[in-house]
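Okay, here's what each chain looks like letter by letter:
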Amino acid sequence: MEMVQDFKGKKPSANIEENIKILTDLFGESQDYIGRKFAPGGAGAPWLYMAYFDAMTNREAMDFTVIKRLFDMNWAALTPEEKGATVYETLRDRGIATTDISETDDMFDILYFIHAGDTAVFIEGCEKVIVVATRGFPNRGIQSAETEVVVQGPREAFSEVMRFNTALIRRRIRDNNLVVKQSKLGIRSLTDIAVVYMSDITRPEVLAEVERRLESIEVDGIMDSGCVEQFIEESWLSPFPQVQLTERPDKAASSILEGRIAIIVDNSPFVILVPVTMNSFFQASEDYYSRWQVMSVTRFLRFVGAFIAIALPGIYLAIALFHPSMIPLLMVNRLAQASQNVPFPAVIEFILLDAAFELLREAGIRLKSASGGTIGIVGGLIIGQAAVEAGLVSPIVVIIVAMTGIATFSIPSVSLVYGFRLVKYGVLALSAFLGFFGLIMGLIITLIHLAGLKSFGFPYLMPFAASELSKGEDLKDSLFRFPLFSLKKRPFFANQNETTRMK
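All values reported here derive from a predicted model rather than from experimental measurement. (Residues numbered from 1 in each chain as written. Predicted model: local features only at pLDDT ≥ 70, side-chain atom pairs only at ≥ 80, totals over all residues. Heavy atoms only, no water.)

A. Layout of the packing of aromatic side chains. Throughout the structure, instances matching the rule amount to 12 aromatic pairs. Here the aromatic rings of Phe303 and Phe464 are separated by 5.8 Å at their centres, their planes lie at 85 degrees, and the arrangement is edge-to-face. Highlighted residues: Phe303 in helix α11 (residues 292-322) and Phe464 in the segment after β12 (458-459), separated in sequence by 161 residues. You can call Phe303 buried: its relative accessible area is 14%. Judged by relative accessible area, which is 41%, Phe464 ranks as partly exposed. Judged by centre distance (5.4 Å) and plane angle (70 degrees), the rings of Phe458 and Phe493 are edge-to-face. Highlighted residues: Phe458 in strand β12 and Phe493 in the segment after β12, separated in sequence by 35 residues. For the residue pair Phe458 and Phe493, the accessibility class agrees, reading buried in each case. (Phe/Tyr/Trp six-rings, centres within 6.5 Å; stacked < 30°, edge-to-face > 60°. Helix = DSSP H or I, 4+ residues; strand = E, 2+ residues; numbered from the N terminus. Buried < 20%, exposed > 50% of the residue type's maximum accessible area, 1.4 Å probe, protein only.)

B. Quick look at the pairing of strand β7 (residues 191-198). Of all eight residues that make up β7, eight are buried, and the element is covered over most of its length. Taken together, the eight bridges between strand β6 (residues 178-185) and β7 define a ladder with antiparallel strand orientation. Its bridge partner lying in β7, Lys184 is registered against Asp192. Between β6 and the antiparallel strand that follows it, β7, lie five residues; Gly186 among them carries a positive phi value of about 100 degrees. Bridge count between β7 and strand β9 (residues 261-265): four bridges; the pairing is antiparallel. Within β9, the residue paired with Val196 across the bridge is Ala262. (Pairing = 2+ DSSP bridges.)

C. Spatial organisation of a nonpolar patch on the surface. Taken together, the side chains of Val297, Phe300, Leu301, Val304, Phe480 and Phe482 present a nonpolar region at the surface, about 500 Å² in accessible area. Mapping Val297 onto the fold places it in helix α11. (Patch = residues over 30% accessible without salt bridge, like charges linked within 9 Å, V, L, I, M, F, W, Y side chains within 5 Å. Areas by Shrake-Rupley, 256 points an atom, 1.4 Å probe, with all protein chains shown as cover. Salt bridge = Lys/Arg side-chain N within 4 Å of Asp/Glu carboxyl O.)

D. Focus on the packing of helix α16 (residues 414-434) against helix α17 (residues 436-452). Contact geometry for α16 and α17: axes closest at 6 Å, N-to-C directions at 150 degrees. By the angle between their axes, α16 is roughly antiparallel relative to α17. Two packed elements cross with a definite hand, and for α16 against α17 that hand is right-handed. From α16, Val423, Val427, Leu430, Ser431 and Leu434 reach across to α17, where they touch Phe436, Phe437, Gly438, Leu439, Met441, Gly442 and Thr446. (Axes fitted to C-alpha atoms, helices over the stretch in contact; angles between N-to-C directions. Parallel < 35°, antiparallel > 145°, perpendicular 65-115°, else oblique. Left-handed = near helix turned anticlockwise from the far one by under 90°. Contact = heavy atoms within 4.5 Å.)

E. Seen up close, the nonpolar core. If you look at the biggest cluster of nonpolar residues, it comprises 23 residues, and the most contacted ones within it are Val210, Leu214, Val228, Ile232, Ile261, Ile263 and Val274. In this structure Val274 touches Val210, Val243, Arg260, Ile261, Ile263 and Phe456, once residues within four positions along its chain are discounted. Counting 21 residues, the second largest nonpolar core, distinct from the first, contains Phe7, Ile20, Ile110 and Leu190. (Core = buried A, V, L, I, M, F, W, Y, C linked by side-chain atoms within 4.5 Å.)

F. Region of the structure containing helix α8 (residues 225-232). By the burial criterion, the buried members of α8 are Ser225, Gly226, Val228, Glu229 and Ile232. Seen along its axis, α8 keeps its buried residues to an arc of 155 degrees; they face one direction. The elements touched by buried residues of α8 are β6, α7 (204-215), β8 (244-246), β9 and β10 (271-274). With a side-chain oxygen lying 2.9 Å from the backbone nitrogen of Gly226, the N-terminal cap of α8 falls on Asp224. (Arc of directions from axis to C-beta. Polar contact = N/O pair within 3.5 Å; in protein donor to acceptor, adjacent residues only side chain to side chain.)

G. Spotlight on the sheet that holds strand β2 (residues 48-53). Ordered by their spatial adjacency, five strands build an open sheet running β1-β2-β4-β5-β3, and the pairing between neighbours is antiparallel. The open sheet terminates on both sides in strands that have one partner only, identified here as β1 (33-38) and β3 (101-104). Each neighbouring strand pair of the sheet contributes to a mean axis angle of 20 degrees, computed without reference to strand direction. By the bridge criterion, six bridges tie β1 to β2 in an arrangement that is antiparallel.

H. Examining the pattern of salt bridges more closely. In the structure shown here, the tally under the stated rule is 20 salt bridges. A salt bridge links Arg135 to Asp118, with the nearest nitrogen and oxygen atoms 3.2 Å apart. One end of the pair, Arg135, is in the loop between β5 (129-132) and α6 (162-172); the other, Asp118, is in the loop between α5 (107-116) and β4 (119-123), and 17 residues separate them in sequence. Measuring nitrogen to oxygen at the nearest pair gives 2.7 Å for the salt bridge that ties Arg213 to Glu209. Of this pair, Arg213 and Glu209 both sit in helix α7, four residues apart, which is roughly one turn of the helix. Shared partners join several salt bridges into a network, and the residues in it are Glu209, Arg212, Arg213 and Glu234.

I. Just the environment of Leu434, in detail. Residue placement: Leu434 occurs in helix α16. In this structure the C-alpha to C-alpha distance between Leu434 and Thr191, which are 243 residues apart in sequence, comes to 50 Å. Setting aside residues no more than four positions away along its own chain, Leu434 makes contact with Phe322 and Met441.

J. Inspection of the sheet that holds β10 at higher detail. Here five strands make up an open sheet; going across it, the order is β6-β7-β9-β10-β8 and the pairing antiparallel. The open sheet has two edge strands, β6 and β8, and neither has a second partner. The sheet shows a mean angle of 25 degrees between the axes of neighbouring strands, taken without regard to direction. Where α7 meets the sheet, its contacts fall on β6, β7, β9 and β10, and the angle it forms with β9 comes to roughly 25 degrees. This element, α8, spans β6, β8, β9 and β10 of the sheet and lies at about 25 degrees to β10.

K. Looking closely at unusual backbone geometry. With an omega of -10 degrees, the peptide bond running from Val274 to Pro275 counts as cis. Mapped onto the elements, Pro275 comes out in the loop between β10 and α10 (278-281). The phi dihedral of Asn267 is positive, around 75 degrees, even though this residue is not glycine. For Asn267, the position within the fold is in the loop between β9 and β10.

L. Spatial organisation of the packing of helix α2 (residues 59-72) against helix α4 (residues 87-95). At their nearest, the axes of α2 and α4 sit 10 Å apart, and the two run at 115 degrees to each other. Packed against α2, whose contacting residues are Thr65, Val66, Arg69 and Leu70, the element α4 presents Leu91, Arg94 and Gly95 at the interface. Grouping the constituent residues of the contact of α2 with α4 by class yields three nonpolar, two polar and two charged. (Nonpolar A, V, L, I, M, F, W, Y, C, P; charged D, E, K, R; others polar.)

This is how it looks when you write it as structure tokens:
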């Protein structure tokens, strides 16, 4: 059977029966396909054929703006001027009571619009087709953000409908330089994507690179923005994300004003932001809505939490196994008493307890939100206490694992947390075999890897590395957040002719 792609460049026939046969052959086995041939408007009216998919269209809008209007037309009562016009022009201008219509003579476009929820109107004797915007497929509307929760700030989140998401951004940026370029990805899914940017702020070379990578994607289907993320990232071996995902319209809008580019994928509530640096993942929307002193401390704590998430288990193992003299004598006695009945080495203790913690984390995510939190807290307490009483792990290991887990929750980006969780095991293994030498080696290897990463040409460690490119301006919004009135320059992402955002 032919695919939609096979009809690219083909024109519909002027014979309506040939068009009906093509559509029937393509969709005849699908019971949700609706095709109706009729001649509205009394004697002399032309034959029409309407094609659409049930439940993908707004039936009320179609019935009142298309069907009723066409049947109310009196073809015999048309004025001489109206009769002089073509049948196509008469139906287009008098028969359809909506401004949102388009015309096409390409079968590929016609089939795409039908799949997208629009209604195609074929007219006997015409090679053009009227496409009426009647999309009304089910969606969950605009809801609150779930993965990027804030105490102070907007609650709106992106939805799975691309057009809703572009509207949420336009609502926040009312500038004629805001450009929305739409295209399709996926040979069979034909998923709509939109590239959103500021034409005067975005660097042309970055935009060209984004478009090149998107055009190079050739795959059957794109189901989510996470698929696009994996296709356009530079280093697929790295555990660290090289693009940023957000479900918050305010974050996407502010990033676009910084010169970054938003990629909106239909059917996904997460928008891709590029380019990105590691510093971007530590910035939350809430940072700019509260006082700078409070948010500076909070921002610093996030970086501390990231270090704890990577290094704390390795530090404990290095000290306990290779450098116990660094521990105060009283604590050494207590640790020895707590560990003397444990039959496993400290490394095995960590692996067992951390595996249990990860399983609880996954169980909490998969269950409903109310019961998921209960499972995580109660399960952690019960398993930790039972493991200590059974002599499987020592209390200090429970504390270390718990602190490491809590530290990961302080990082705003889930994608970055996954990277830290993987790196943690490498640092843990090196520390268990080589002590502090292995710990330092693991941290240096991680730092070298981060220094070598780039996102669309930008160093991943900016502004901590290559800060001279922005003359140190980007450091004002890094480890600490300076007052808003001091953030007068846009980040280095922006076109260098448009760096000033505050006068």
